[in-house]
Amino acid sequence: MDGRIVLKKKPDTLKAVLLMFWFICLVFLKSWAGQAEDKPLRYDLEVELLPEVRMIQARGTIVWSNLSQDYVPDIQLHLYWNAFKNELSTMAKEARRETMYKRYQVRKDDWGYLKITSLTTVDGYDLMPTAAFISPDEPPNPDDQTVLKVDLPEPLAPGQSIILKLQFQAKVPQNGIRVGCYKDGFFISQWFPKPGVYEEGKGWNCHQYHLNSEFFADFADFKVRITVPQNLVVGACGEEIERIDDPVTGKTTYTFEQQDIHDFAWTASPRFIKIERWFRAEDQVSPEEYQTIAELLELTPEEIKLPDVRMILLIEKQHQHQAERHFKALMAAIKYYGLWYGPYPYRTITMVDPPFRTGSGGMEYPTLFTAGTSVILDKKVLSPEQVIVHEFGHNYWYGLVANNEFEEAWLDEGINTYSTAKVLEAAYGPSCLPVRFNGLPLNWLLKTPAIYDWQLGRLISGPVAKLDPIVKESWKFYNSVSYSLNVYYRAATCLQTLERYLGEKSWAKIMRTYHMRYRFKHPTIEDFIQVVKEVSAKDLNWFFKEFFFKAKDFDYAIGAVETRIKPEKFLGIFDDLPTKHSPQTKTNQDETTEKAGEKIYQTSVTLRRYGQARLGPEVTIKLKVEFEDGSLEWREWDGQSRWVRFNFEKPVKMRQAVLDPEAIWLVDTNLSNNYYALKGSREKISGLTGDFLWLMQSLLLSVFNLL
């Protein structure tokens, strides 16, 4: 026998029984409780925009499947727009506490809300009598209405599904965050009741809407029909599969579909110009580039081949002349994110120049993101390129590797900020810092230095190191500034430090392994740490403990340098008995020096640990000392004590001393004290900081010391 299983033809009676069995299963799946599918959620929604009254009317079904082994007694739904309903929402209260940076301000008559008008099971069981708003987070806020808890008729068993039929209406907030409208331009996100994420053994993870947090949801399949007046151009997540014009009503209905995404946003404006292009991999990536990246990742070129992607740009008419800059930046992002981390898995990506004054610029959604630009641009400033690369990148670290942004925002924001900087460096090189007044660029007048994105991020994040740890619930940060600088830039700087410490090849494999392993999953920081440990074969728990879980600053410095001429004779009384270091044991250098009658210079370099964070076990920081004859001396320090002193004797003076000359420890909050020159000049420290950045850093440190 060849080991194959041969299937014999079944009798007609058995075939009929099997067909009947499958028919019953299909019918049962359509009942209010049925067998779970391979993903927790499926949406089928219809929505109509009523621009003149800033309203949307919607209905549809949501299928939620219990993939856990728990019996689930209820469902918790996010109603995000209720954050803009009144002054007592959690978001509004948190916004009033902000002093340095006003991200959201309540304004009269700009309110928005989301109201479910009907919620039943597929067989008509009314769920609204059991519905109640809850406040899951501390401190509790009984006035918040962004989470709705709905009890089920009976607990949903493992492997069962429930089909929710719902109708809802919503007022588009005119002064929202990430959502809004201005005149006849609309950007619609977080617009539908969205189930939280059920975690086995823990229950629903369904936080209320906070000022300093984004979102967390399960992967789902979406089918959404959007009806708008015919003069509006519409863009949305996923692929447009149908468009129907109704000449009687003057309306158009667009149908979009997309599988394996965890959010759905859309936009509509009469001022959009729609432009389509293709990212053709064979035109954008050379065989040599494939070979180089393949060798770095220890893969074959075939394993990292990129697919073609349809690019859609919705751009405001007044910005139409910038289309080429938009597409160039998007192609660079598709190319480098794809080569480094894994191919973009969807067939389309929609890039939106958001409607004016809708508060929706610079935000990410699966297969769709918003950029942001202005009428007049400067060629030396990477705007809008930086925003385009960053927001597309979220399709990787938010869209595909869908961590909980309420609780561990850095896993998206920090990793993506790190990735953005790498793409900008590879595609564009350094960029000038933007200088604007009333929206007008002034770089032609004020010559700012060209720096890399990661340099600026390292610079501005240092001062908040002692304010909050990177890993913290988003709403518990000191303020919006601490949240932003820690989870975006401080986290990115830590990752850049790890890359330099572990080496480019090891780090490249770590990042790709993490991304590909956790696509379409919900990883945590522990998963990331495990990948780092596995791929690098190093235990770096100390690094994450010091820099991610604690609010500590890392500051190693050259504390003092002294140089003096060694005396020919020392004063005092000396015994004639031989000692361990008697003249007979002098080094050849000492003998040569004395014979030549040359002066000997004694130099001491004292290193200090000003910060609280310390190096880990078997890790050192290097000191390079250069002398006037070009000779070098290297020392290493484990950094555990508060200071250490190194002594040198040379026939020449010291020229300069550099701590961490290889620029590994970018997390150092004050690089300006890592360099000492005998003549006192402030030269660049390994290309990391110059006079301008040194002054900026000093100013930022002074400002944040007042917090």
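Residues numbered from 1 in each chain as written. Predicted model: local features only at pLDDT ≥ 70, side-chain atom pairs only at ≥ 80, totals over all residues. Heavy atoms only, no water.

Undergrad: Tell me what's going on with the overall build of the protein, and back it up with residues and numbers.
TA: Counting its secondary structure elements, the protein contains 14 helices and 34 strands. Sequence separation of at least 24 residues holds for 75% of the intrachain contacts in the protein that already meet a minimum separation of 6. Put simply, the protein shows about 33,100 Å² of open surface, and 53% of that area lies on carbon and sulfur atoms. (Helix = DSSP H or I, 4+ residues; strand = E, 2+ residues; numbered from the N terminus. Contact = heavy atoms within 4.5 Å. Areas by Shrake-Rupley, 256 points an atom, 1.4 Å probe, with all protein chains shown as cover.)

Undergrad: Outline the pairing of strand E33 (residues 654-659), supporting the account with residue identities and numerical values.
TA: Across the 6 residues that make up E33, a large majority, 5, are buried. Judged from the 5 bridges that link them, strand E30 (residues 621-627) and E33 form a sheet pairing that is antiparallel. In the strand pairing of E33, Lys-624 is matched with Val-658. (Buried < 20%, exposed > 50% of the residue type's maximum accessible area, 1.4 Å probe, protein only. Pairing = 2+ DSSP bridges.)

Undergrad: Mind laying out the sheet that holds strand E29 (residues 601-609), listing which residues take part and the relevant values?
TA: On the basis of which strands lie adjacent, the open sheet formed by 3 strands has the order E28-E29-E32 and antiparallel pairing. Since the sheet does not close on itself, it has two edges, and those belong to strand E28 (556-565) and strand E32 (643-650), each with one partner. Going from strand to strand, the sheet's axes swing by 15° on average, the running direction of each strand aside. (Axes fitted to C-alpha atoms, helices over the stretch in contact; angles between N-to-C directions.)

Undergrad: Describe a nonpolar patch on the surface, and please don't skip the residues or the numbers.
TA: Taken together, the side chains of Val-375, Ile-376 and Leu-440 define a hydrophobic patch exposed on the protein surface, amounting to about 260 Å² of accessible area. When you line up the elements, Ile-376 lands in the loop between strand E23 (368-370) and helix H6 (385-400). Judged by its relative accessible area of 43%, Ile-376 is partly exposed. (Patch = residues over 30% accessible without salt bridge, like charges linked within 9 Å, V, L, I, M, F, W, Y side chains within 5 Å. Salt bridge = Lys/Arg side-chain N within 4 Å of Asp/Glu carboxyl O.)

Undergrad: Go over the pairing of strand E7 (residues 147-156), please, and point to the residues and values.
TA: Relative to E7, strand E4 (residues 72-78) runs antiparallel, the two sharing 6 bridges. Its bridge partner lying in E7, Asp-74 is registered against Asp-151. Pairing analysis gives 2 bridges linking strand E6 (residues 132-133) to E7, with the strands arranged antiparallel. Within E7, the position partnered with Phe-133 by the bridge is Leu-148.

Undergrad: If you had to explain the sheet that holds strand E10 (residues 185-188) to someone new, which residues and values would you point to?
TA: Taken together, 4 strands build an open sheet; the order of strands is E9-E10-E18-E15 and the sheet is antiparallel. Since the sheet does not close on itself, it has two edges, and those belong to strand E9 (180-182) and strand E15 (233-236), each with one partner. Taking the axes of each pair of neighbouring strands and ignoring which way they run, one obtains an average angle of 5° across the sheet. In terms of strand pairing, E9 meets E10 through 3 bridges, oriented antiparallel. Residue Cys-181 lies in a different strand from E10, and its bridge partner there is Phe-186.

Undergrad: Break down the packing of helix H8 (residues 453-461) against helix H9 (residues 480-502) for me, with residues and values.
TA: Between two packed helices, the angle of one axis relative to the other and the distance separating the axes together describe the packing. For the pair H8 and H9, interaxial distance at closest approach is 9 Å and the crossing angle is 120°. For the element pair H8 / H9, the angle class is oblique. Considering how the two elements wind past one another, H8 and H9 form a crossing that is left-handed. Contacts between H8 and H9 involve Trp-454, Gly-457, Arg-458, Ile-460 and Ser-461 from the first element and Leu-485, Tyr-489, Arg-490, Thr-493, Gln-496 and Arg-500 from the second. Of the residues assigned to the contact of H8 with H9, the class counts are 4 nonpolar, 4 polar and 3 charged. (Parallel < 35°, antiparallel > 145°, perpendicular 65-115°, else oblique. Left-handed = near helix turned anticlockwise from the far one by under 90°. Nonpolar A, V, L, I, M, F, W, Y, C, P; charged D, E, K, R; others polar.)

Undergrad: Talk me through the side chain of Ser-269; I want residue IDs and the actual numbers.
TA: Looking at where Ser-269 falls in the secondary structure, it is placed in strand E18 (residues 266-269). Given a relative accessible area of 0%, Ser-269 falls into the buried group. Among the polar contacts listed, one links the side chain of Ser-269 to the backbone nitrogen of Arg-271, at a separation of 3.2 Å. (Polar contact = N/O pair within 3.5 Å; in protein donor to acceptor, adjacent residues only side chain to side chain.)

Undergrad: Lay out the pattern of salt bridges with the relevant residues and their values.
TA: Throughout the structure, instances matching the rule amount to 34 salt bridges. Across the salt bridge formed by Lys-149 and Asp-151, the nearest N and O atoms sit 2.8 Å from each other. Residue classification places Lys-149 among the partly exposed positions, given a relative accessible area of 25%. Residue Glu-662 is joined to Lys-622 by a salt bridge in which the shortest nitrogen-to-oxygen separation is 3.4 Å. A residue pair is termed long-range when its members are at least 10 positions apart, and Glu-662 in the loop between E33 and strand E34 (675-677) and Lys-622 in strand E30 qualify at 40 residues. For Glu-662, a relative accessible area of 43% gives the class partly exposed. It is possible to trace a salt-bridge network through shared partners that takes in Glu-240, Arg-243, Lys-274, Glu-276 and Arg-310.

Undergrad: If you had to explain unusual backbone geometry to someone new, which residues and values would you point to?
TA: Cis geometry is adopted by the peptide bond preceding Pro-139, which originates at Glu-138 and carries an omega value of -5°. Mapping Pro-139 onto the fold places it in the loop between E6 and E7. A cis amide bond links Ser-383 with the next residue in sequence, Pro-384, at an omega value of 20°. The backbone of Glu-618 sits at a positive phi, close to 60°, despite the residue not being glycine. Relative to the helices and strands, Glu-618 resides in the loop between E29 and E30.

Undergrad: Give a description of the nonpolar core that names residues and reports values.
TA: Counting 176 residues, the largest nonpolar core has Trp-191, Phe-264, Trp-266, Trp-410, Phe-528 and Phe-548 as the members making the most contacts within it. In terms of residue count, the dominant contributor to this core is helix H5 (residues 323-341) (12 residues). Taken domain by domain, this core gets at least three of its residues from each of domain 1 (271-552) and domain 2 (556-570 + 587-680). In this view, Phe-264 contacts Trp-191, Phe-192, Phe-222, Val-224, Ile-226, Ala-236, Cys-237 and Phe-256; residues no more than four positions away in its chain are not counted. (Core = buried A, V, L, I, M, F, W, Y, C linked by side-chain atoms within 4.5 Å. Domains from an automatic or database assignment.)

Undergrad: Would you mind going over the packing of aromatic side chains in detail, with residue names and values included?
TA: This model, assessed by the stated rule, comprises 51 aromatic pairs. With centroids separated by 5.3 Å and ring planes inclined at 40°, the aromatic side chains of Tyr-337 and Tyr-396 adopt a geometry described as tilted. You can see Tyr-337 sitting in helix H5 and its partner Tyr-396 sitting in helix H6, a full 59 residues away along the chain. Each member of the pair, Tyr-337 as well as Tyr-396, is classed as buried. Seen from their ring centres, Phe-477 and Tyr-483 are 5.5 Å apart, and the 80° between their planes marks the pair as edge-to-face. With relative accessibility at 4%, the residue Tyr-483 sits in the buried group. Geometry around Trp-340 places Lys-422 over its ring, the cationic atom sitting 5.3 Å from the centre. (Phe/Tyr/Trp six-rings, centres within 6.5 Å; stacked < 30°, edge-to-face > 60°. Lys NZ or Arg CZ within 6 Å of the ring centre and 35° of its normal.)

Undergrad: Give a detailed account of the confidence of the model for the protein, specifying residues and quantitative values.
TA: Residue-level pLDDT values for the protein average 89, and 88% of them are 70 or greater. The low-confidence segment residues 583-593, where pLDDT is below 50, has 10 contacts with residues more than four positions distant or belonging to other chains. Within the model, the stretch residues 681-689 combines pLDDT values under 50 with 23 contacts to residues more than four positions away or in other chains. (pLDDT = per-residue confidence, 0-100.)

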